[in-house]
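Chain residues, written in single-letter form:
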Amino acid sequence: MAMLGMTLMAVASCQKGGADLGDLLGAAAPIPPKLMAEIKAKDMGGKSPILVRLYKEESQLEIWKQKSNGEYAVLKTYSICAWSGKLGPKKTAGDRQAPEGFYTVAPGQMNPDSQHHLAFNIGYPNQFDKVNGGTGEHLMVHGSCNSSGCYAMDDWQMEELYALAREAFAGGQRSFQIQAYPFRMTPKNMARHRQSEHYAFWKVLKEGSDRFELTKKPVTVGVCEKRYAFDPKLGEGQVLLPTGPCPTEEEPVNVAAKRIADEAEEEKLFATMKPTDFATVSTFAYKPGMPITAEAYAAEQHRRPGFDRLGKPVEEKRRSVFAPMTTP
(Lines give C-alpha, C1' and ligand atoms only; values in the text may rest on other atoms or scores of the structure.)
Protein backbone atom coordinates (compact mmCIF):
# COMPACT_ATOMS: atom_id res chain seq x y z
CA MET A 1 0.00 0.00 0.00
CA ALA A 2 2.85 2.39 0.79
CA MET A 3 4.40 1.77 -2.62
CA LEU A 4 1.02 2.33 -4.28
CA GLY A 5 0.59 5.60 -2.41
CA MET A 6 3.99 6.81 -3.62
CA THR A 7 3.10 5.89 -7.20
CA LEU A 8 -0.19 7.76 -7.03
CA MET A 9 1.47 10.80 -5.52
CA ALA A 10 3.93 10.82 -8.39
CA VAL A 11 1.12 11.29 -10.91
CA ALA A 12 -1.05 13.56 -8.74
CA SER A 13 -0.06 16.93 -10.16
CA CYS A 14 -1.44 18.13 -13.46
CA GLN A 15 2.10 19.22 -14.29
CA LYS A 16 3.55 15.73 -13.92
CA GLY A 17 3.11 12.45 -15.72
CA GLY A 18 3.91 11.11 -19.12
CA ALA A 19 2.25 9.87 -22.26
CA ASP A 20 2.74 6.70 -24.25
CA LEU A 21 3.41 8.61 -27.47
CA GLY A 22 3.26 5.62 -29.76
CA ASP A 23 2.57 6.89 -33.25
CA LEU A 24 1.49 10.37 -32.13
CA LEU A 25 2.84 13.39 -34.01
CA GLY A 26 3.02 16.04 -31.28
CA ALA A 27 2.36 19.78 -31.27
CA ALA A 28 2.90 20.19 -35.02
CA ALA A 29 0.34 17.53 -35.99
CA PRO A 30 -2.06 18.86 -38.64
CA ILE A 31 -5.82 18.69 -38.30
CA PRO A 32 -6.67 15.14 -39.48
CA PRO A 33 -8.02 14.91 -43.05
CA LYS A 34 -11.35 13.43 -41.92
CA LEU A 35 -11.89 16.29 -39.48
CA MET A 36 -10.92 18.84 -42.14
CA ALA A 37 -13.57 17.33 -44.40
CA GLU A 38 -16.15 17.80 -41.63
CA ILE A 39 -15.02 21.40 -41.15
CA LYS A 40 -15.56 22.16 -44.83
CA ALA A 41 -18.88 20.30 -44.92
CA LYS A 42 -20.15 22.46 -42.04
CA ASP A 43 -19.21 25.72 -43.77
CA MET A 44 -16.29 26.38 -41.41
CA GLY A 45 -12.67 27.22 -42.10
CA GLY A 46 -9.62 25.35 -40.89
CA LYS A 47 -8.36 28.53 -39.21
CA SER A 48 -11.73 29.91 -38.09
CA PRO A 49 -12.28 30.66 -34.35
CA ILE A 50 -13.20 27.94 -31.87
CA LEU A 51 -15.00 27.67 -28.51
CA VAL A 52 -14.93 24.83 -25.96
CA ARG A 53 -17.81 23.57 -23.82
CA LEU A 54 -17.21 21.01 -21.04
CA TYR A 55 -19.81 18.91 -19.22
CA LYS A 56 -18.69 16.96 -16.15
CA GLU A 57 -21.66 14.67 -15.56
CA GLU A 58 -21.79 13.59 -19.20
CA SER A 59 -17.96 13.54 -19.43
CA GLN A 60 -18.11 15.36 -22.75
CA LEU A 61 -16.08 18.12 -24.40
CA GLU A 62 -17.57 19.96 -27.36
CA ILE A 63 -15.58 21.91 -29.92
CA TRP A 64 -17.63 24.67 -31.52
CA LYS A 65 -16.27 26.45 -34.58
CA GLN A 66 -17.29 29.62 -36.37
CA LYS A 67 -19.15 29.30 -39.66
CA SER A 68 -18.93 31.69 -42.59
CA ASN A 69 -22.04 33.55 -41.32
CA GLY A 70 -20.29 34.37 -38.02
CA GLU A 71 -22.29 31.95 -35.89
CA TYR A 72 -20.74 29.01 -34.06
CA ALA A 73 -21.81 25.39 -34.47
CA VAL A 74 -20.71 22.09 -32.94
CA LEU A 75 -17.84 20.59 -34.90
CA LYS A 76 -17.19 17.52 -32.75
CA THR A 77 -18.03 16.07 -29.34
CA TYR A 78 -15.27 14.21 -27.50
CA SER A 79 -15.57 11.83 -24.57
CA ILE A 80 -13.50 13.29 -21.71
CA CYS A 81 -10.98 10.66 -20.67
CA ALA A 82 -10.79 11.66 -16.98
CA TRP A 83 -11.80 14.45 -14.61
CA SER A 84 -11.46 14.50 -10.85
CA GLY A 85 -13.45 15.67 -7.86
CA LYS A 86 -17.24 15.97 -7.98
CA LEU A 87 -19.86 18.32 -9.37
CA GLY A 88 -19.30 21.86 -8.14
CA PRO A 89 -16.75 24.65 -8.60
CA LYS A 90 -13.09 24.50 -7.64
CA LYS A 91 -12.43 26.56 -4.51
CA THR A 92 -9.08 25.68 -2.96
CA ALA A 93 -5.62 24.81 -4.20
CA GLY A 94 -5.13 21.08 -3.77
CA ASP A 95 -8.82 20.17 -3.56
CA ARG A 96 -8.49 18.21 -6.84
CA GLN A 97 -11.69 19.78 -8.17
CA ALA A 98 -12.03 20.45 -11.90
CA PRO A 99 -13.17 24.09 -12.38
CA GLU A 100 -16.63 25.21 -13.46
CA GLY A 101 -17.32 28.61 -15.00
CA PHE A 102 -16.22 30.78 -17.91
CA TYR A 103 -12.55 30.89 -18.84
CA THR A 104 -10.31 32.29 -21.58
CA VAL A 105 -7.35 30.67 -23.33
CA ALA A 106 -4.78 32.86 -25.12
CA PRO A 107 -1.78 31.63 -27.17
CA GLY A 108 0.55 31.95 -24.18
CA GLN A 109 -1.50 29.32 -22.33
CA MET A 110 -0.73 26.64 -24.92
CA ASN A 111 1.90 24.14 -23.77
CA PRO A 112 3.52 22.06 -26.54
CA ASP A 113 6.05 20.61 -24.08
CA SER A 114 3.63 19.32 -21.45
CA GLN A 115 4.63 16.08 -19.77
CA HIS A 116 1.00 15.15 -20.35
CA HIS A 117 1.80 15.11 -24.09
CA LEU A 118 0.09 18.45 -24.95
CA ALA A 119 -1.94 20.92 -22.88
CA PHE A 120 -3.52 24.33 -22.63
CA ASN A 121 -4.12 26.19 -19.37
CA ILE A 122 -7.81 26.82 -18.65
CA GLY A 123 -7.10 30.16 -16.97
CA TYR A 124 -8.21 29.30 -13.43
CA PRO A 125 -8.55 31.32 -11.25
CA ASN A 126 -10.46 33.94 -13.24
CA GLN A 127 -11.81 37.17 -11.77
CA PHE A 128 -14.89 35.43 -10.36
CA ASP A 129 -12.81 32.74 -8.68
CA LYS A 130 -10.36 35.24 -7.20
CA VAL A 131 -12.96 37.60 -5.76
CA ASN A 132 -14.74 34.64 -4.15
CA GLY A 133 -11.53 33.34 -2.54
CA GLY A 134 -10.70 30.65 -5.07
CA THR A 135 -7.07 29.50 -5.10
CA GLY A 136 -5.07 27.15 -7.28
CA GLU A 137 -3.06 27.12 -10.49
CA HIS A 138 -1.99 24.99 -13.44
CA LEU A 139 -5.50 23.73 -14.24
CA MET A 140 -5.38 22.29 -17.73
CA VAL A 141 -7.02 20.46 -20.54
CA HIS A 142 -4.28 17.93 -21.29
CA GLY A 143 -3.48 14.43 -22.49
CA SER A 144 -2.58 11.27 -20.56
CA CYS A 145 -6.06 10.43 -19.17
CA ASN A 146 -5.09 11.17 -15.56
CA SER A 147 -6.53 14.08 -13.60
CA SER A 148 -6.04 15.87 -10.29
CA GLY A 149 -8.27 18.86 -11.01
CA CYS A 150 -7.79 19.00 -14.77
CA TYR A 151 -9.84 17.82 -17.74
CA ALA A 152 -7.79 14.99 -19.20
CA MET A 153 -8.19 13.66 -22.72
CA ASP A 154 -6.46 10.73 -24.33
CA ASP A 155 -3.35 11.74 -26.28
CA TRP A 156 -4.94 11.25 -29.70
CA GLN A 157 -7.86 13.50 -28.77
CA MET A 158 -5.46 16.07 -27.35
CA GLU A 159 -3.57 16.26 -30.63
CA GLU A 160 -6.79 17.16 -32.45
CA LEU A 161 -7.79 19.75 -29.84
CA TYR A 162 -4.32 21.27 -29.83
CA ALA A 163 -4.25 21.44 -33.63
CA LEU A 164 -7.68 23.10 -33.77
CA ALA A 165 -6.63 25.72 -31.21
CA ARG A 166 -3.24 26.30 -32.85
CA GLU A 167 -4.80 26.84 -36.28
CA ALA A 168 -7.48 29.16 -34.86
CA PHE A 169 -4.75 31.32 -33.32
CA ALA A 170 -2.85 31.22 -36.62
CA GLY A 171 -6.04 32.50 -38.28
CA GLY A 172 -6.12 35.55 -36.00
CA GLN A 173 -8.22 34.47 -33.02
CA ARG A 174 -6.72 36.21 -29.98
CA SER A 175 -8.28 33.93 -27.40
CA PHE A 176 -11.00 31.31 -27.16
CA GLN A 177 -13.65 30.81 -24.51
CA ILE A 178 -14.08 27.72 -22.35
CA GLN A 179 -17.49 27.17 -20.79
CA ALA A 180 -17.18 24.51 -18.07
CA TYR A 181 -20.48 23.16 -16.73
CA PRO A 182 -21.45 20.54 -14.15
CA PHE A 183 -23.90 19.02 -16.67
CA ARG A 184 -25.95 20.03 -19.70
CA MET A 185 -28.07 22.91 -18.45
CA THR A 186 -31.50 21.47 -19.24
CA PRO A 187 -34.64 21.90 -17.11
CA LYS A 188 -34.52 18.16 -16.29
CA ASN A 189 -30.94 18.34 -15.04
CA MET A 190 -31.62 21.50 -13.06
CA ALA A 191 -34.55 19.73 -11.39
CA ARG A 192 -32.43 16.63 -10.68
CA HIS A 193 -29.81 18.79 -8.97
CA ARG A 194 -32.24 21.15 -7.16
CA GLN A 195 -31.06 19.89 -3.76
CA SER A 196 -27.37 20.66 -4.37
CA GLU A 197 -25.57 23.34 -2.38
CA HIS A 198 -24.33 24.66 -5.73
CA TYR A 199 -27.79 25.13 -7.26
CA ALA A 200 -27.73 28.95 -7.07
CA PHE A 201 -24.30 29.05 -8.74
CA TRP A 202 -25.48 26.71 -11.46
CA LYS A 203 -28.51 28.93 -12.13
CA VAL A 204 -26.07 31.71 -12.99
CA LEU A 205 -24.04 29.43 -15.24
CA LYS A 206 -27.26 28.46 -17.00
CA GLU A 207 -27.89 32.10 -17.90
CA GLY A 208 -24.55 32.26 -19.69
CA SER A 209 -25.26 28.94 -21.37
CA ASP A 210 -28.69 30.12 -22.54
CA ARG A 211 -27.29 33.31 -24.03
CA PHE A 212 -24.72 31.39 -26.02
CA GLU A 213 -27.25 28.85 -27.28
CA LEU A 214 -29.61 31.61 -28.38
CA THR A 215 -27.03 33.71 -30.21
CA LYS A 216 -24.54 30.98 -31.26
CA LYS A 217 -21.80 33.49 -30.41
CA PRO A 218 -19.46 33.69 -27.37
CA VAL A 219 -20.96 35.64 -24.48
CA THR A 220 -19.11 38.63 -23.08
CA VAL A 221 -18.33 37.73 -19.47
CA GLY A 222 -17.66 40.22 -16.69
CA VAL A 223 -17.64 40.05 -12.90
CA CYS A 224 -19.39 42.50 -10.57
CA GLU A 225 -20.94 42.18 -7.11
CA LYS A 226 -18.83 38.98 -6.88
CA ARG A 227 -20.90 37.28 -9.56
CA TYR A 228 -20.83 36.70 -13.30
CA ALA A 229 -22.42 39.32 -15.52
CA PHE A 230 -23.16 38.36 -19.12
CA ASP A 231 -23.08 40.79 -22.05
CA PRO A 232 -23.02 43.81 -19.69
CA LYS A 233 -23.90 47.17 -21.27
CA LEU A 234 -21.38 49.74 -20.06
CA GLY A 235 -21.54 53.48 -20.48
CA GLU A 236 -18.65 55.54 -21.76
CA GLY A 237 -15.73 55.24 -19.37
CA GLN A 238 -17.58 52.73 -17.18
CA VAL A 239 -15.58 49.72 -15.98
CA LEU A 240 -16.80 46.60 -14.23
CA LEU A 241 -15.12 45.86 -10.92
CA PRO A 242 -15.40 42.41 -9.31
CA THR A 243 -16.67 43.92 -6.06
CA GLY A 244 -18.39 46.93 -7.64
CA PRO A 245 -22.04 47.37 -8.64
CA CYS A 246 -23.44 45.64 -11.70
CA PRO A 247 -24.96 47.88 -14.39
CA THR A 248 -28.74 48.07 -14.48
CA GLU A 249 -30.12 46.59 -17.66
CA GLU A 250 -33.19 44.88 -19.01
CA GLU A 251 -33.03 41.16 -19.72
CA PRO A 252 -33.14 40.54 -23.49
CA VAL A 253 -36.56 39.34 -24.61
CA ASN A 254 -35.32 36.04 -26.02
CA VAL A 255 -33.25 35.30 -22.90
CA ALA A 256 -36.21 36.09 -20.65
CA ALA A 257 -38.53 33.90 -22.72
CA LYS A 258 -36.17 30.92 -22.51
CA ARG A 259 -35.62 31.44 -18.79
CA ILE A 260 -39.35 31.58 -18.06
CA ALA A 261 -40.11 28.53 -20.20
CA ASP A 262 -37.26 26.49 -18.71
CA GLU A 263 -38.14 27.45 -15.14
CA ALA A 264 -41.77 26.42 -15.75
CA GLU A 265 -40.61 23.08 -17.16
CA GLU A 266 -38.23 22.56 -14.26
CA GLU A 267 -40.99 23.25 -11.71
CA LYS A 268 -43.31 20.84 -13.51
CA LEU A 269 -40.68 18.10 -13.42
CA PHE A 270 -39.67 18.84 -9.83
CA ALA A 271 -43.28 18.50 -8.63
CA THR A 272 -43.53 14.94 -9.95
CA MET A 273 -40.10 13.64 -9.00
CA LYS A 274 -39.59 10.79 -6.58
CA PRO A 275 -36.62 10.75 -4.15
CA THR A 276 -34.81 8.32 -6.43
CA ASP A 277 -35.12 10.75 -9.35
CA PHE A 278 -32.76 13.27 -7.77
CA ALA A 279 -29.07 13.14 -8.56
CA THR A 280 -26.94 11.34 -6.00
CA VAL A 281 -24.75 13.77 -4.11
CA SER A 282 -21.21 12.47 -3.67
CA THR A 283 -20.02 12.26 -0.07
CA PHE A 284 -16.37 12.06 -1.10
CA ALA A 285 -14.39 15.11 -0.02
CA TYR A 286 -10.68 15.32 -0.72
CA LYS A 287 -8.89 17.71 1.62
CA PRO A 288 -5.53 19.23 0.65
CA GLY A 289 -2.73 17.18 2.12
CA MET A 290 -4.84 14.06 2.56
CA PRO A 291 -2.92 10.88 1.60
CA ILE A 292 -3.93 9.68 -1.85
CA THR A 293 -4.81 6.08 -1.12
CA ALA A 294 -6.03 3.74 -3.84
CA GLU A 295 -9.58 4.03 -2.44
CA ALA A 296 -9.51 7.84 -2.37
CA TYR A 297 -8.03 7.98 -5.84
CA ALA A 298 -10.74 5.74 -7.27
CA ALA A 299 -13.50 7.72 -5.52
CA GLU A 300 -12.53 11.05 -7.04
CA GLN A 301 -11.42 9.93 -10.48
CA HIS A 302 -14.02 9.80 -13.26
CA ARG A 303 -12.21 7.90 -16.00
CA ARG A 304 -13.32 6.46 -19.29
CA PRO A 305 -12.95 2.66 -19.51
CA GLY A 306 -9.86 1.44 -21.34
CA PHE A 307 -7.25 3.26 -19.25
CA ASP A 308 -5.52 2.23 -16.04
CA ARG A 309 -5.17 4.34 -12.86
CA LEU A 310 -1.99 5.94 -14.23
CA GLY A 311 -3.78 7.06 -17.40
CA LYS A 312 -2.16 4.46 -19.66
CA PRO A 313 -4.20 2.71 -22.39
CA VAL A 314 -4.97 -0.91 -21.57
CA GLU A 315 -6.42 -1.71 -24.97
CA GLU A 316 -4.62 -2.37 -28.24
CA LYS A 317 -2.45 0.52 -29.40
CA ARG A 318 -4.39 2.90 -31.66
CA ARG A 319 -3.35 3.64 -35.21
CA SER A 320 -2.58 7.24 -36.11
CA VAL A 321 -5.07 8.81 -38.49
CA PHE A 322 -2.04 9.76 -40.57
CA ALA A 323 -0.49 6.28 -40.69
CA PRO A 324 -0.57 4.61 -44.12
CA MET A 325 -3.03 1.75 -44.52
CA THR A 326 -1.58 -1.72 -45.07
CA THR A 327 -3.14 -4.63 -46.90
CA PRO A 328 -2.68 -8.34 -46.18
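Everything below is about the structure shown above.
Caption draft 1: Representation of the overall build of the protein in the model. Scanning the protein from N- to C-terminus turns up eight helices and 13 strands. Counting the 328 residues in the protein, one finds 48% classified as buried. Looking at the protein alone, contacts between residues at least 24 apart form 63% of all its contacts between residues at least 6 apart. For the protein, the computed accessible surface area is about 16,000 Å², with 56% contributed by carbon and sulfur atoms.

Caption draft 2: Seen up close, the environment of M36. In this structure, M36 sits in helix α2 (residues 33-41). Along the backbone, M36 and L164 are 128 residues apart, and their C-alpha atoms lie at a distance of 9.9 Å.

Caption draft 3: View of the nonpolar core. Formed by 60 residues in total, the largest nonpolar core has its most connected members in L61, F120, V141, Y151, L161, F176 and I178. Sequence-distant contacts of L161, defined by excluding residues within four places in its chain, comprise L61, I63, Y78, F120, V141 and M153. Formed by five residues, the second largest nonpolar core is a distinct cluster that contains C81, A82, A152 and F307.

Caption draft 4: Expanded view of helix α7 (residues 253-272). For α7, which comprises 20 residues, the first-to-last C-alpha distance of 29 Å matches the rise-based estimate of 28 Å (1.5 Å per residue) to within 8%. Listed in full, the buried residues belonging to α7 are V255, A256, D262 and E266. Seen along its axis, α7 keeps its buried residues to an arc of 135°; they face one direction. Structural note: α7 exposes V253, I260, K268, A271 and T272 on the side pointing more than 90 degrees away from its buried face. If you follow the buried residues of α7, they end up packed against α5 (187-192) and α6 (199-215).

Caption draft 5: Seen up close, the state of the cysteines. Taken as a whole, this structure holds two disulfides when the rule is applied. At a sulfur-sulfur separation of 2.2 Å, the disulfide partner of C81 is C145. Handedness of the C81-C145 disulfide follows from its S-S torsion of about -85°: it is left-handed. With a gap of 64 residues between them, C81 in the loop between β3 (72-79) and β4 (82-84) and C145 in the loop between β8 (140-142) and β9 (151-152) connect regions that are remote in the sequence. You can call C81 buried: its relative accessible area is 0%. Disulfide pairing places C224 opposite C246 at an S-S distance of 2.0 Å. Disulfide C224-C246: torsion about the S-S bond near 105°, hence right-handed.

Caption draft 6: Fine view of the sheet that holds β8. Strand order in the open sheet made by the six strands is β6-β7-β8-β9-β4-β13, with mixed pairing throughout. Every other strand in the sheet has two partners, leaving β6 (110-111) and β13 (301-303) as the edge strands with one partner each. Direction of pairing for β6 relative to strand β7 (residues 119-121): antiparallel, over a ladder of two bridges. Bridging across to β7, M110 finds its partner in F120.

Caption draft 7: View of the sheet that holds strand β2 (residues 60-66). As summarised here, the arrangement of the five strands in space is β3-β2-β1-β10-β5, forming an open sheet in which the pairing is mixed. The sheet terminates laterally at β3 and β5 (101-105), the two strands that pair on one side only. Taken over all neighbouring pairs, the strand axes of this sheet differ in orientation by 20° on average, direction set aside. With four bridges connecting them, strand β1 (residues 50-55) and strand β10 (residues 176-181) associate as parallel partners. Residue R53 lies in a different strand from β10, and its bridge partner there is Q179. Taken strand by strand, α2 contacts β2 and β3, and its axis lies near 150° from that of β3. Most of the contacts of α6 go to β10, to which it runs at about 130°, and overall it touches β1, β2, β3, β5 and β10.

The rules we used
Residues numbered from 1 in each chain as written. Predicted model: local features only at pLDDT ≥ 70, side-chain atom pairs only at ≥ 80, totals over all residues. Heavy atoms only, no water. Helix = DSSP H or I, 4+ residues; strand = E, 2+ residues; numbered from the N terminus. Buried < 20%, exposed > 50% of the residue type's maximum accessible area, 1.4 Å probe, protein only. Contact = heavy atoms within 4.5 Å. Areas by Shrake-Rupley, 256 points an atom, 1.4 Å probe, with all protein chains shown as cover. Core = buried A, V, L, I, M, F, W, Y, C linked by side-chain atoms within 4.5 Å. Expected span 1.5 Å × (residues − 1). Arc of directions from axis to C-beta. Disulfide = S-S within 2.5 Å. Pairing = 2+ DSSP bridges. Axes fitted to C-alpha atoms, helices over the stretch in contact; angles between N-to-C directions.

All we've got here are geometric facts, nothing functional implied.
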